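Given next are the chains, with one letter for each unit.
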Amino acid sequence: MKKMLWVVGLLILAAIAAWIIVFFPLAQPSSGGVAGSQDKKPVLIGFALGALREERWLTDENLFTARAEELGAVVIQENSNYDVPTQISQIENLISQGVKVIVVVAADSKAIAPAIEEAQNAGVRVIAYDRLIENSTIDGYVSFDNVKVGELQAEGVLAVVQKGNFAYIGGAPTDNNAFLVKRGSMAVLDPKIKSGDITLVLDQFTPNWDPAEAYKTMKSYLDTGKTVDAVIAANDGTAFGVIQALAEKRLAGKVPVSGQDAELSASQRIVWGTQTMTVYKPIKAEAVAAADLAVAMAGGRTPPATVTTNNGKMDVPSYLLAPTAVTKANMAGTVVKDGFHTYAEVYQISSTPSR
Ligand code: BGC
């Protein structure tokens with residue numbers, strides 16, 4: 001009887017030992033198996049938009065997300081609707097959700113600095129998307145050559161009118177791009193302003209790039225009874241506001257107006273004749289470059305940059321793409337050829353541009 005109890009006891013001990021040997025390793029995270037697979041969580045990347053007002057930003061967001069997901073990452077999207085405290089708290093939330101990289105379209109190039117510092121302190125890398133983030137430590141900047149954008153705008157308008165009263169309707173004073181495009185335009189206009197050929201009769205920024213603000217600026221100038229011979233509008237949204245004000249004085253199509261973004265409505269206005277030109281920036285190239293960079297950085301790699309841009313605190317490795325001027329003459333060979341808009345979309349309009 002005693003012997004039997006011994007045997008049963010030994011058998012129970014052996015069973016316990018076997019159970020431990022078989023199952024215990026599964027409880028170790030590094031051992032593979034069930035818990036090990038939990039380790040292979042996808043890399044999280046944050047994409048924090050300033051706002052979705054212009055047509056382009058949804059495209060940016062979709063193309064960025066598609067590319068990052070193709071590379072195995074998961075993207076958490078945020079949009080602050082131009083509210084700085086909201087963007088700051090969205091960035092903080094992204095940090096606490098464990099993102100490795102945050103790609104930011106700044107609602108305000110300077111005011112979001114505290115959130116950027118928090119990201120850096122948490123070991124999260126930051127990429128400024130399209131708009132430079134100023135006075136902060138950031139890891140990269142993906143955009144277009146925005147000074148070139150401004151040069152193309154001024155040249156586009158000068159191709160039509162070389163002398164007279166010029167108006168400059170700028171972008172948002174909280175967006176570094178507004179200063180870059182203005183610098184480009186002014187570099188082209190300056191010699192003619194100095195020689196007296198051109199008088200700068202209006203020179204104003206547009207809060208949040210709001211077309212309604214651009215309309216008000218143009219309208220209050222025209223309401224004084226003064227004349228304008230050409231308008232450099234910093235993007236297609238502000239161009240829309242300007243053209244509305246011109247139209248009320250029966251001047252639409254008579255005064256050249258520039259733009260930027262090759263929005264569908266602007267492309268329609270160009271073939272219709274109320275807007276002179278726009279600047280086409282192939283967004284897919286920008287979004288893909290940013291997604292590739294973000295995924296590389298999430299994996300601890302930093303692809304080499306060809307240029308740097310000083311943001312007031314450091315020289316930021318920059319990846320800058322080339323913009324293209326678009327007029328009625330090359331619409332089909334640029335925007336349409338690239339599939340940015342179809343021929344039918346751009347040319348279907350006859351009498352009623354949608355904006
Ligand atoms: C972008 C433009 C855009 C504007 C308003 C700028 O930073 O470069 O493409 O039209 O913001 O959203």
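Residues numbered from 1 in each chain as written. Predicted model: local features only at pLDDT ≥ 70, side-chain atom pairs only at ≥ 80, totals over all residues. Heavy atoms only, no water.

**Q** Could you give an account of empty space enclosed by the protein, with specific residues and numbers?
**A** Throughout the structure, instances matching the rule amount to one cavity of 30 Å³ or more. There is about 120 Å³ of room inside the largest cavity. As for the largest cavity, its lining consists of 13 residues, and the residues nearest its centre are Trp-57, Asp-130, Arg-131, Trp-209 and Asp-261. Formed jointly, the lining of the largest cavity draws a minimum of three residues from each of two domains, domain 1 (40-144 + 282-322) and domain 2 (146-281 + 325-346). (1 Å grid on protein atoms, 1.4 Å probe; cavity = no way out; pocket = protein on both sides within 12 Å on 5 of 7 lines; lining within 4 Å. Points joined across faces, edges and corners; volume = space filled by probe spheres on them. Domains from an automatic or database assignment.)

**Q** An account of the side chain of Asp-261 is needed here, citing residue identities and associated values.
**A** Within the secondary structure, Asp-261 is located in the loop between helix H9 (236-248) and helix H10 (264-272). When near neighbours in sequence (up to four residues on either side) are disregarded, Asp-261 contacts Glu-54, Arg-56, Asn-235, Asp-236, Thr-278, Val-279, Lys-281 and Phe-340. (Helix = DSSP H or I, 4+ residues; strand = E, 2+ residues; numbered from the N terminus. Contact = heavy atoms within 4.5 Å.)

**Q** I'd like a rundown of H9, residues and numbers included.
**A** The end-to-end C-alpha distance of H9 is 18 Å, a good match for the 18 Å that 13 residues give at a rise of 1.5 Å each. Where burial is concerned, most of H9 is hidden: ten out of the 13 residues are buried. Within the sequence span of H9, burial applies to Asp-236, Gly-237, Thr-238, Ala-239, Phe-240, Gly-241, Val-242, Ile-243, Ala-245 and Leu-246. Packing partners of the buried residues in H9 comprise strand E6 (164-169), helix H8 (211-223), strand E8 (230-233), H10 and strand E9 (278-280). (Expected span 1.5 Å × (residues − 1). Buried < 20%, exposed > 50% of the residue type's maximum accessible area, 1.4 Å probe, protein only.)

**Q** Let's hear about the environment of Thr-238: which residues, and what values?
**A** Examined against the element boundaries, Thr-238 turns out to sit in helix H9. Considered as a pair, Thr-238 and Ala-212 are 26 residues apart in the sequence and their alpha carbons are 7.9 Å apart. Every residue in contact with Thr-238, bar those within four places of it in the chain, is listed here: Ile-169, Gly-170, Thr-206, Trp-209, Ala-214 and Ala-233.

**Q** I'd like a description of the sheet that holds strand E2 (residues 73-79), backed by residues and values.
**A** In spatial order, the strands read E2-E1-E3-E4-E5-E11-E10; together these seven strands make up an open sheet with mixed pairing. Edge positions in the sheet fall to E2 and strand E10 (307-310), since each of these pairs with one other strand and no more. Neighbouring strand axes in the sheet, compared pairwise and without regard to direction, differ in orientation by 25° on average. For strand E5 (residues 140-144) and strand E11 (residues 315-321), the ladder comprises four bridges, and the chain directions are parallel. (Pairing = 2+ DSSP bridges. Axes fitted to C-alpha atoms, helices over the stretch in contact; angles between N-to-C directions.)

**Q** Lay out the site of the ligand in plain terms, naming residues and giving numbers.
**A** Near the ligand lie 13 residues; those nearest to it are Glu-54, Asp-130, Arg-131, Asp-175 and Asp-261. In this structure, an oxygen atom belonging to the ligand sits 2.9 Å away from a side-chain N or O atom of Arg-56. Asp-130 places a side-chain nitrogen or oxygen 2.6 Å from an oxygen atom of the ligand. In the complex, 100% of the free accessible area of the ligand, which totals 310 Å², lies under the protein chains. Here the ligand is seated within the largest cavity. When the residues that make up the shell around the ligand are grouped by side-chain class, the tally is three nonpolar, three polar and seven charged. Composition of the shell around the ligand by domain shows at least three residues from each of domain 1 (40-144 + 282-322) and domain 2 (146-281 + 325-346). (Near = heavy atom within 4 Å. Polar contact = N/O pair within 3.5 Å; in protein donor to acceptor, adjacent residues only side chain to side chain. Areas by Shrake-Rupley, 256 points an atom, 1.4 Å probe, with all protein chains shown as cover. Sits in = over half its atoms within 2 Å of the grid points. Nonpolar A, V, L, I, M, F, W, Y, C, P; charged D, E, K, R; others polar.)

**Q** If you had to explain the packing of aromatic side chains to someone new, which residues and values would you point to?
**A** Inspection of every chain in the model, using the stated rule, returns five aromatic pairs. A centroid spacing of 4.6 Å and a plane angle of 25° characterise the contact between Phe-47 and Phe-64, whose relative ring orientation is stacked. On the criterion of sequence distance, the pair formed by Phe-47 in strand E1 (residues 43-49) and Phe-64 in helix H3 (residues 56-70) is long-range, its members being 17 residues apart. Look at Phe-64 and you get buried, because its relative accessible area is 0%. Here Tyr-343 and Tyr-347 contribute two aromatic rings whose centre-to-centre distance is 4.1 Å and whose plane-to-plane angle is 20°, an arrangement assigned as stacked. Of the two residues, Tyr-343 and Tyr-347 are both situated in helix H13 (residues 343-347); the distance of four residues between them amounts to about one turn of the helix. Here Tyr-347 falls in the partly exposed class, since its relative accessible area comes to 28%. Ring pairs connect the aromatic residues Phe-47, Phe-64 and Tyr-129, which therefore count as one cluster. Directly above the aromatic system of Trp-57 lies the positively charged group of Arg-56, at a separation of 3.9 Å from the ring centroid. (Phe/Tyr/Trp six-rings, centres within 6.5 Å; stacked < 30°, edge-to-face > 60°. Lys NZ or Arg CZ within 6 Å of the ring centre and 35° of its normal.)

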